[in-house]
Amino acid sequence: GHGFRAVHAGHEFRCPSRRESVTTALLPLSSETRARLVGTPLVVMLDVDGTLAPIVERFDRATVPAETQRAVAALVAQTGAHVALVSGRSAAVARRMVGVDNLWVAGNHGFEIQGPKGEDLADPSVYRYRAVIATAAERLERLVSAMHGVVIENKAITLSVHWRLADPEIAQEL
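Residues numbered from 1 in each chain as written. Predicted model: local features only at pLDDT ≥ 70, side-chain atom pairs only at ≥ 80, totals over all residues. Heavy atoms only, no water.

### Comments concerning the nonpolar core
A general trend in soluble globular proteins is that nonpolar side chains are found buried together. Heads up, the rule is: Here the nonpolar core consists of buried residues drawn from Ala, Val, Leu, Ile, Met, Phe, Trp, Tyr and Cys, with membership extended through side-chain atoms lying within 4.5 Å. Three exposure classes are used, based on accessible area relative to the maximum for each residue type with a 1.4 Å probe and protein chains only: buried under 20%, partly exposed in between, and exposed over 50%. In this description a helix means any DSSP run of H or I spanning at least four residues, a strand means any run of E spanning at least two, and both kinds are numbered starting from the N terminus. A contact between two residues is defined here by any heavy atoms of the two lying within 4.5 Å.
If you look at the biggest cluster of nonpolar residues, it comprises 21 residues, and the most contacted ones within it are Val 48, Leu 52, Val 72, Val 83, Leu 85, Val 98 and Leu 103. Within the residue set of this core, elements represented by two or more residues are strand E3 (42-47), helix H2 (66-77), strand E4 (81-86) and helix H3 (91-98). Examining the composition of this core, we find that 4 residues originate from one element, H3, more than from any other. Sequence-distant contacts of Leu 103, defined by excluding residues within four places in its chain, comprise Val 72, Val 76, Val 83, Leu 85, Arg 95, Val 98, Gln 114, Gly 115 and Pro 116.

See the structure below:
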(Lines give C-alpha, C1' and ligand atoms only; values in the text may rest on other atoms or scores of the structure.)
Protein backbone atom coordinates (compact mmCIF):
# COMPACT_ATOMS: atom_id res chain seq x y z
CA GLY A 1 0.00 0.00 0.00
CA HIS A 2 0.96 3.63 -0.32
CA GLY A 3 0.55 4.44 3.37
CA PHE A 4 -1.23 7.43 4.86
CA ARG A 5 -0.71 10.43 7.11
CA ALA A 6 -2.52 11.14 10.38
CA VAL A 7 -2.32 14.12 12.70
CA HIS A 8 -3.12 13.70 16.40
CA ALA A 9 -2.57 16.32 19.10
CA GLY A 10 -0.52 18.42 16.68
CA HIS A 11 1.87 15.60 15.79
CA GLU A 12 2.07 14.06 12.35
CA PHE A 13 2.38 10.31 11.96
CA ARG A 14 3.08 8.36 8.80
CA CYS A 15 1.84 4.84 8.46
CA PRO A 16 3.68 2.78 5.85
CA SER A 17 0.82 0.38 5.18
CA ARG A 18 -2.95 0.69 5.00
CA ARG A 19 -3.23 -2.32 7.33
CA GLU A 20 -1.10 -0.89 10.15
CA SER A 21 -2.31 1.54 12.78
CA VAL A 22 -0.49 4.71 13.79
CA THR A 23 -1.02 4.18 17.50
CA THR A 24 0.84 1.89 19.85
CA ALA A 25 -0.94 -0.33 22.36
CA LEU A 26 -0.12 0.49 25.98
CA LEU A 27 -1.33 -2.86 27.28
CA PRO A 28 -0.46 -4.69 29.36
CA LEU A 29 -0.36 -1.88 31.92
CA SER A 30 3.02 -0.84 33.29
CA SER A 31 3.70 -1.21 37.01
CA GLU A 32 3.71 2.60 37.34
CA THR A 33 0.24 2.84 35.78
CA ARG A 34 -1.04 -0.01 37.96
CA ALA A 35 0.20 1.84 41.08
CA ARG A 36 -1.77 4.96 40.06
CA LEU A 37 -4.95 2.96 39.63
CA VAL A 38 -5.24 1.56 43.17
CA GLY A 39 -6.80 4.63 44.86
CA THR A 40 -10.54 5.16 45.37
CA PRO A 41 -12.70 6.67 44.24
CA LEU A 42 -11.09 6.26 40.87
CA VAL A 43 -12.32 8.21 37.86
CA VAL A 44 -10.93 7.11 34.53
CA MET A 45 -11.84 9.05 31.39
CA LEU A 46 -10.81 7.39 28.14
CA ASP A 47 -10.83 8.77 24.62
CA VAL A 48 -12.02 6.25 22.05
CA ASP A 49 -10.18 7.03 18.80
CA GLY A 50 -6.43 6.96 19.21
CA THR A 51 -6.60 5.62 22.77
CA LEU A 52 -8.94 2.63 22.93
CA ALA A 53 -9.23 2.17 19.16
CA PRO A 54 -6.13 2.62 17.02
CA ILE A 55 -6.30 5.43 14.46
CA VAL A 56 -7.03 3.89 11.09
CA GLU A 57 -7.28 5.19 7.57
CA ARG A 58 -11.11 5.19 7.49
CA PHE A 59 -12.90 6.37 10.65
CA ASP A 60 -15.78 3.97 10.05
CA ARG A 61 -13.44 0.97 10.21
CA ALA A 62 -11.99 1.73 13.66
CA THR A 63 -12.44 -1.01 16.24
CA VAL A 64 -11.56 -1.47 19.88
CA PRO A 65 -9.41 -4.61 20.26
CA ALA A 66 -10.80 -7.40 22.47
CA GLU A 67 -7.83 -7.06 24.85
CA THR A 68 -8.67 -3.37 25.33
CA GLN A 69 -12.36 -4.16 25.87
CA ARG A 70 -11.37 -6.65 28.59
CA ALA A 71 -9.12 -4.06 30.26
CA VAL A 72 -11.92 -1.47 30.27
CA ALA A 73 -14.38 -4.07 31.64
CA ALA A 74 -11.89 -4.89 34.40
CA LEU A 75 -11.67 -1.19 35.33
CA VAL A 76 -15.47 -0.87 35.39
CA ALA A 77 -15.70 -3.92 37.68
CA GLN A 78 -13.40 -2.36 40.29
CA THR A 79 -15.17 -1.19 43.45
CA GLY A 80 -15.08 2.59 43.61
CA ALA A 81 -14.15 3.00 39.93
CA HIS A 82 -16.10 5.27 37.59
CA VAL A 83 -15.17 4.94 33.92
CA ALA A 84 -16.20 7.39 31.21
CA LEU A 85 -15.67 7.41 27.48
CA VAL A 86 -14.98 10.76 25.86
CA SER A 87 -15.37 10.95 22.11
CA GLY A 88 -16.08 13.09 19.12
CA ARG A 89 -18.21 10.19 17.94
CA SER A 90 -21.86 10.03 18.93
CA ALA A 91 -22.35 8.57 22.39
CA ALA A 92 -24.21 5.56 20.97
CA VAL A 93 -21.41 4.76 18.50
CA ALA A 94 -18.69 5.19 21.16
CA ARG A 95 -20.59 2.91 23.56
CA ARG A 96 -21.13 0.28 20.85
CA MET A 97 -17.46 0.37 19.76
CA VAL A 98 -16.16 -0.18 23.28
CA GLY A 99 -18.77 -2.84 24.03
CA VAL A 100 -18.61 -2.58 27.83
CA ASP A 101 -21.62 -1.94 30.10
CA ASN A 102 -21.88 0.54 33.00
CA LEU A 103 -19.80 3.29 31.41
CA TRP A 104 -20.48 7.00 31.38
CA VAL A 105 -20.19 8.43 27.86
CA ALA A 106 -19.52 11.99 26.73
CA GLY A 107 -20.11 11.87 22.99
CA ASN A 108 -20.19 14.43 20.21
CA HIS A 109 -17.39 16.41 21.88
CA GLY A 110 -19.38 16.60 25.13
CA PHE A 111 -22.74 17.66 23.68
CA GLU A 112 -24.16 14.22 24.46
CA ILE A 113 -23.92 12.74 27.95
CA GLN A 114 -25.07 9.22 28.77
CA GLY A 115 -25.18 7.69 32.23
CA PRO A 116 -23.91 4.19 32.98
CA LYS A 117 -27.18 2.55 31.88
CA GLY A 118 -27.33 4.59 28.66
CA GLU A 119 -29.69 7.21 30.08
CA ASP A 120 -29.66 10.53 28.18
CA LEU A 121 -28.35 13.27 30.48
CA ALA A 122 -27.55 15.86 27.82
CA ASP A 123 -28.90 19.38 27.92
CA PRO A 124 -32.08 19.03 25.82
CA SER A 125 -31.35 22.31 24.06
CA VAL A 126 -28.58 20.69 21.98
CA TYR A 127 -31.14 18.68 20.04
CA ARG A 128 -32.78 21.75 18.54
CA TYR A 129 -29.77 22.12 16.20
CA ARG A 130 -30.39 18.85 14.34
CA ALA A 131 -32.06 20.57 11.37
CA VAL A 132 -29.27 23.14 11.10
CA ILE A 133 -26.61 20.41 11.23
CA ALA A 134 -28.50 18.36 8.61
CA THR A 135 -28.69 21.38 6.29
CA ALA A 136 -24.98 22.12 6.80
CA ALA A 137 -24.12 18.47 6.09
CA GLU A 138 -26.15 18.50 2.86
CA ARG A 139 -24.49 21.72 1.68
CA LEU A 140 -21.02 20.50 2.58
CA GLU A 141 -21.68 17.18 0.85
CA ARG A 142 -22.44 19.04 -2.38
CA LEU A 143 -19.34 21.23 -2.01
CA VAL A 144 -16.94 18.35 -1.43
CA SER A 145 -18.55 15.74 -3.70
CA ALA A 146 -15.78 16.13 -6.29
CA MET A 147 -13.01 15.94 -3.68
CA HIS A 148 -11.89 12.32 -3.64
CA GLY A 149 -11.34 11.03 -0.11
CA VAL A 150 -13.43 13.66 1.71
CA VAL A 151 -16.33 12.30 3.76
CA ILE A 152 -18.97 14.31 5.62
CA GLU A 153 -20.25 12.55 8.73
CA ASN A 154 -23.56 13.88 10.08
CA LYS A 155 -23.74 12.98 13.79
CA ALA A 156 -27.10 14.76 14.29
CA ILE A 157 -25.89 17.45 16.69
CA THR A 158 -22.37 17.81 15.28
CA LEU A 159 -20.75 16.92 12.01
CA SER A 160 -17.25 15.99 10.97
CA VAL A 161 -15.33 16.50 7.76
CA HIS A 162 -13.00 13.52 7.33
CA TRP A 163 -10.20 14.09 4.85
CA ARG A 164 -7.49 11.64 5.86
CA LEU A 165 -7.95 9.81 2.53
CA ALA A 166 -7.81 13.00 0.46
CA ASP A 167 -4.82 14.39 -1.36
CA PRO A 168 -3.07 16.80 1.08
CA GLU A 169 -2.94 19.36 -1.74
CA ILE A 170 -6.68 20.06 -1.33
CA ALA A 171 -6.30 21.18 2.30
CA GLN A 172 -6.41 24.90 1.55
CA GLU A 173 -9.41 24.59 -0.77
CA LEU A 174 -11.17 22.34 1.72
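### Observations regarding a nonpolar patch on the surface
Our working definition: Residues forming no salt bridge and having over 30% relative accessible area are the ones grouped into patches, like charges within 9 Å of each other and nonpolar side chains (Val, Leu, Ile, Met, Phe, Trp, Tyr) within 5 Å. Using a 1.4 Å probe, the Shrake-Rupley method yields the accessible areas, and only the shown protein chains count as cover for residues. Salt bridges are defined as contacts in which a side-chain nitrogen from Lys or Arg sits within 4 Å of a carboxyl oxygen from Asp or Glu.
A cluster of nonpolar residues, Val 43, Met 45 and Val 86, forms a patch on the protein surface that exposes about 280 Å² of accessible area. Tracing the chain through its elements places Val 86 in strand E4. By relative accessible area, Val 86 is classed as partly exposed at 33%.

### Details of the pairing of E3
Note the cut-off: For two strands to count as paired, DSSP must find a minimum of two bridges between them. By convention a crossover is right-handed if, when the strands point away from the viewer, the path from the first strand over the helix to the second runs clockwise.
Across the two faces of E3 the burial differs, with Leu 42, Val 44 and Leu 46 buried and Val 43, Met 45 and Asp 47 not buried at all. Both E3 and E4 contribute to a ladder of 6 bridges, which runs parallel. Looking across to E4, one finds that Val 44 is bridged to Val 83. In this view, the connection linking E3 to its parallel neighbour E4 by way of H2 has right-handed handedness.

### Digging into the sheet that holds E4
Our working rule: Fitted lines through C-alpha atoms serve as axes, helices being fitted only where they are in contact, and the angles separating the N-to-C directions of these axes extend from 0 to 180 degrees.
Across the sheet, which stays open at both edges, the 4 strands sit in the order E3-E4-E5-E6 with mixed pairing between neighbours. Across the chains shown, the open sheet's two edge strands, defined by having one partner strand only, are E3 and strand E6 (112-114). Direction aside, the axes of adjacent strands within the sheet are offset by 15 degrees on average. With respect to the sheet, H2 is in contact with E3 and E4, its orientation differing from that of E4 by roughly 140 degrees.

### Thoughts on unusual backbone geometry
Residue Asn 108 is not a glycine yet carries a positive backbone phi of 50 degrees. Position of Asn 108 among the secondary structure elements: in the loop between strand E5 (104-107) and E6. Look at Asn 108 and you get buried, because its relative accessible area is 0%. The backbone of Ala 156 shows a phi angle near 75 degrees, a positive value even though the residue is not glycine. When you line up the elements, Ala 156 lands in the loop between strand E7 (151-154) and strand E8 (159-162). For Ala 156, a relative accessible area of 31% puts it in the partly exposed group.

### A few points about the environment of Gly 149
Considering the arrangement of structural elements, one finds Gly 149 in the loop between helix H4 (130-144) and E7. Residue classification places Gly 149 among the buried residues on the basis of a relative accessible area of 17%. For the pair Gly 149 and Leu 165, spaced 16 residues apart in the sequence, the C-alpha separation amounts to 4.5 Å. Aside from chain neighbours lying at most four places away, what touches Gly 149 is His 162, Trp 163, Leu 165 and Ala 166.

### Concerning the pattern of salt bridges
Applying the stated criterion across every chain, the model contains 2 salt bridges. Between Asp 49 and Arg 89 there is a salt bridge whose closest N-O contact spans 2.6 Å. Of this pair, Asp 49 sits in the loop between E3 and H2 while Arg 89 sits in the loop between E4 and H3, and the two are 40 residues apart along the sequence. Between Asp 60 and Arg 58 there is a salt bridge, and its shortest N-O distance comes to 2.9 Å. Of the residues examined, Asp 60 reaches a relative accessible area of 44% and is grouped as partly exposed. Overall, the relative accessible area of 28% leaves Arg 58 in the partly exposed class.

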